[in-house]
Every structure is written in structure tokens, then in C-alpha cells.
Amino acid sequence: MKRKVTKAIFPVAGMGTRFLPATKSVPKEIMTLVDRPLIQYAIDEARAAGIEDFIFVTSRGKSALEDYFDHSPELASSLRKSGKTELLETLQATNMDSGAIAYIRQHKALGLGHAVSCARKLIGDEPFAVILPDDVIAAEKPCLQQMIEAYQDTGGAMVAAMEVAPEKTSSYGILDVISDEGSVVEVKGMVEKPAPGTAPSNLAVIGRYILTPRIMQNFDKIERGAGGEIQLTDAIAYELTTGRDIFGFKFEGERFDCGSKAGFLQATVSFALNRPELRDELTTFLKDLKLPA
């Protein structure tokens, strides 16, 4: 019987330079889509998938991110006294119980693979998920929940995948697939940001992963990539050299790249339009909006 996935790693050590000057003092992960920080969307998705242990790989300057998940008894008391029940429930949903969340510092910016490897002692011999908060996925059933349900049938390593335009494959890790039928695809190779015209498919890896603890050992066996960085994709692909399975999972939902300004703005508008209390006023504004010449 496959072990239940109850641990998730959230790599949040990046400096967020594409969002300067805002990220000079505010971690990118607590910038808000409408009224919820990016990291809250990731946490809510993980909770819905049954994750119980939350591991954050952080860096200097991220103390505000840690404070966000702390309890705020003064604010809770004020809301309770004012009878603001809905706001109190919203506030309580941001709290994390003691022991459920851990913070690890990534002292050197050596890539996503290195960030994940920093958590190896907390993972032990259990399967685990990796969630990149920059990838916000709007879905009726949360993406990670979809993946964990599929993982119960497949085992192995699993990565979220979506189809991208051929001209954009050079911006992603791309799957080389054996078969592509239904939502689960069997993978025979992974190529990190292939040169234009050389991609083996148009299935791009997106920021959701379910991995075996062996991946942590693979980091010691792979070579560093460009810029001396340790790539998560390479550690996953190493599984194929030992005869183990990798699967891609084509999730149902819409993904927003909130690591880019355009993607962040698109997500903000989309999520706002899905809020009944905001939809009418925002729709009117967008219809009347006069674009610059």
C-alpha cells in the first residue's frame, strides 16, 4: 500500500526581483491577489489535498512571511467584540498550529533543486509534495488533490503538466512522453528549457510535484546545471536511469504565472471577477476602460 502524502515543501527563498520595489520590504509570497496573499492560495490547496506538515524553505528578509501564519489574539479579540464573525473566520483560516509548520533557511541561491534538498532531514523516508506559490491554479478540485488521487494508482514520481504553445516550450521543463492518453502520461525523459524547435512535446512541467524520498538522494548524484544551480528537473529525471517511473498529470484548471507581472495582473482580474461582491462593479469598469493609444 502506498504511503499517504502528508508533507509538502514550499520553496519561498526567492528575492522577487521582478516585483521591485515592492519586494524590497515585502516578500513576494504575501503580495495579494484581491485580498489573499499568494502563499494563502498555496496553503489552502495543500490543506484540501490532505497535507498536514508544511515545510517552508526561506531566506533572509522573509520574517513577514513567518509572521503571517502566526496567531493574532489582539486582532481576533477585536473582531469578536465587534461581532465581525465572517472576518474572524477569515483570520482564523490563516493561522497555523504549532508544530504543523517548519522554516528552513536556504543560505545560497543554488536553484530550485537545492531549495528542495534543504528539507531532506524533515522529509525522511516519506513521499512528499512540492508546491511553487508562483503558480496559482484556479480549479473546482484543487490541483494537488487531483494529483494525489491519481498518485494512489500510479506511485512513482508525478509532475503537473499542461500544454503550451510550441514557441513557449523554451521557457519550461518539457516532458518526453511514451504515451499521452487521458490525464496521466508516462514519461521517458525531461528536458529543461529546450532550444526552440527541439522540444520533444508541448507538455510543460508546472509547479506541483509529488516525489519519493529517493529524490533527495538523487541531488547528490546529478551535476549542476547553468549558473551552478541544482535543478529539480534533473533529480526527477534521474529516476528514469534506475528504472523507476515518472508520470505527468494533466490537471483540470487554469494556471496563472504569478511570478510575472502580467500573470499576476491576469490572476487578480480573474479571481476578482469570480467574487460575486466585486464582479458587477469590476465588469462595468473593464467595459468602460479606455485603453491608451
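The residue numbers shown here count from 1 along each chain, following its written sequence. The model is predicted, so local features are restricted to residues of pLDDT at least 70 and side-chain atom pairs to those at 80 or more, both for listing and for counting; the totals for chains, interfaces and linings are taken over all residues. By convention in this description, side-chain values take in all heavy atoms of the structure and omit both hydrogens and water.

## Notes on the state of the cysteines
The line we're drawing: Pairs of cysteine sulfur atoms within 2.5 Å are what we label disulfides. Burial classification: accessible surface area is computed with a 1.4 Å probe over protein chains only, and a residue below 20% of its type maximum counts as buried, one above 50% as exposed, and the rest as partly exposed.
The final tally for this structure, using the stated rule, is zero disulfides. Here Cys143 stays free of any disulfide, with the sulfur of Cys258 as its closest cysteine sulfur at 14 Å. Residue Cys143 is classed as buried on the basis of its relative accessible area, which comes to 0%.

## Looking at the pattern of salt bridges
Filter applied, for reference: Here, a salt bridge means any side-chain nitrogen of Lys or Arg that lies within 4 Å of a carboxyl oxygen of Asp or Glu. Where helices and strands are cited, they refer to DSSP runs of H or I of at least four residues and of E of at least two residues respectively, numbered from the N terminus.
Tallied over the entire structure, the rule returns 11 salt bridges. One salt bridge connects Lys7 with Glu126, and the closest N-O pair in it is separated by 3.3 Å. One end of the pair, Lys7, is in strand 1 (residues 7-11); the other, Glu126, is in the loop between helix 6 (120-123) and strand 6 (128-131), with 119 residues separating them in the sequence. Residue class for Lys7 comes out buried when judged on its relative accessible area of 11%. With relative accessibility at 18%, the residue Glu126 sits in the buried group. Shared partners join several salt bridges into a network, and the residues in it are Asp35, Arg275 and Glu277.

## Comments concerning the packing of helix 10 (residues 261-273) against helix 11 (residues 276-288)
The line we're drawing: Angular values range over 0 to 180 degrees, each being the angle between N-to-C directions of two axes fitted as lines to C-alpha atoms, with helices fitted over their stretch in contact. Our angle categories are set so that under 35 degrees counts as roughly parallel, over 145 as roughly antiparallel, 65 to 115 as roughly perpendicular, and the remainder as oblique. Any two residues whose heavy atoms approach within 4.5 Å at even a single point are treated as in contact. Throughout this entry, Asp, Glu, Lys and Arg are counted as charged residues, while Ala, Val, Leu, Ile, Met, Phe, Trp, Tyr, Cys and Pro are counted as nonpolar. The remaining residues, Gly among them, count as polar.
Where helix 10 meets helix 11, the axes come as close as 8 Å, and the angle between the chain directions of the two elements is 130°. Relative to helix 11, helix 10 is oriented oblique. On helix 11, the residues that touch Val269, Ala272 and Leu273 of helix 10 are Leu278, Arg279, Leu282, Thr283 and Leu286. Residues belonging to the contact of helix 10 with helix 11 are distributed by class as follows: six nonpolar, one polar and one charged.

## Topic: the layout of surface pockets
Heads up, the condition is: Of the two site types, the cavity is a set of points on a 1 Å grid over the protein atoms alone where a 1.4 Å probe fits but cannot get out, and the pocket is an open set with protein on both sides within 12 Å along at least five of seven lines, each lined by residues with an atom within 4 Å of a point. Grid points are joined across faces, edges and corners, and a volume is the space filled by probe spheres set on the points.
Approximately 300 Å³ is the volume attributed to the second largest pocket. Together, Asp35, Arg36, Pro37, Gln40, Asp44, Tyr68, Glu86, Leu87, Thr90, Leu91, Ala93 and Thr94 line the second largest pocket. Elements supplying a minimum of two residues to the lining of the second largest pocket: strand 3 (36-37), helix 1 (38-48) and helix 4 (85-92). When residues of the lining of the second largest pocket are assigned to their parent elements, the largest contribution, four residues, is made by helix 4. Per-class residue counts for the lining of the second largest pocket are five nonpolar, three polar and four charged.

## Some thoughts on the packing of helix 3 (residues 73-81) against helix 4
Here is the rule we go by: Working rule for handedness: look at the near helix, and if it is turned counterclockwise from the far one by less than a right angle, call the crossing left-handed; if clockwise, right-handed.
One way to put it is that helix 3 packs onto helix 4 with a least axis distance of 8 Å and a crossing angle of 160°. In terms of orientation, helix 3 and helix 4 fall into the roughly antiparallel class. The chirality of how helix 3 crosses helix 4 is left-handed. Residues Leu75, Ala76, Leu79 and Arg80 of helix 3 lie in contact with helix 4, whose contacting residues are Leu87, Leu88, Leu91 and Gln92. Per-class residue counts for the contact of helix 3 with helix 4 are six nonpolar, one polar and one charged.

## Considerations on a nonpolar patch on the surface
Here is the rule: The patches reported here contain residues having more than 30% relative accessible area and no salt bridge. Joining distances are 9 Å for like charges and 5 Å for nonpolar side chains (Val, Leu, Ile, Met, Phe, Trp, Tyr). Exposure was quantified through the Shrake-Rupley algorithm and a 1.4 Å probe, taking into account, for residues, occlusion by the shown protein chains and nothing else.
Taken together, the side chains of Val269, Phe285, Leu286, Leu289 and Leu291 present a nonpolar region at the surface, about 470 Å² in accessible area. Position of Phe285 relative to the elements: it lies in helix 11.

## Re the side chain of Gln146
Within the secondary structure layout, Gln146 lies in helix 7 (residues 143-154). A relative accessible area of 10% means that Gln146 is categorised as buried. Once residues within four sequence positions are removed from consideration, Gln146 is found in contact with Ala139, Lys141, Phe249, Phe251 and Glu252.

## Re the side chain of Lys28
Test applied: Contacts described as polar in this section are N or O atom pairs within 3.5 Å, which, within protein, must combine one atom able to donate a hydrogen with one able to accept it, while residues neighboring in sequence count only if both atoms come from side chains.
Take Lys28: it is sitting in the loop between strand 1 and strand 2 (32-33). Lys28 sits in the buried class, given a relative accessible area of 12%. Polar side-chain contacts of Lys28 include one of 2.8 Å to the side chain of Asp134. Among residues more than four places away in sequence, those in contact with Lys28 are Gly16, Phe19, Thr23, Leu38, Lys62, Asp134 and Gly259.

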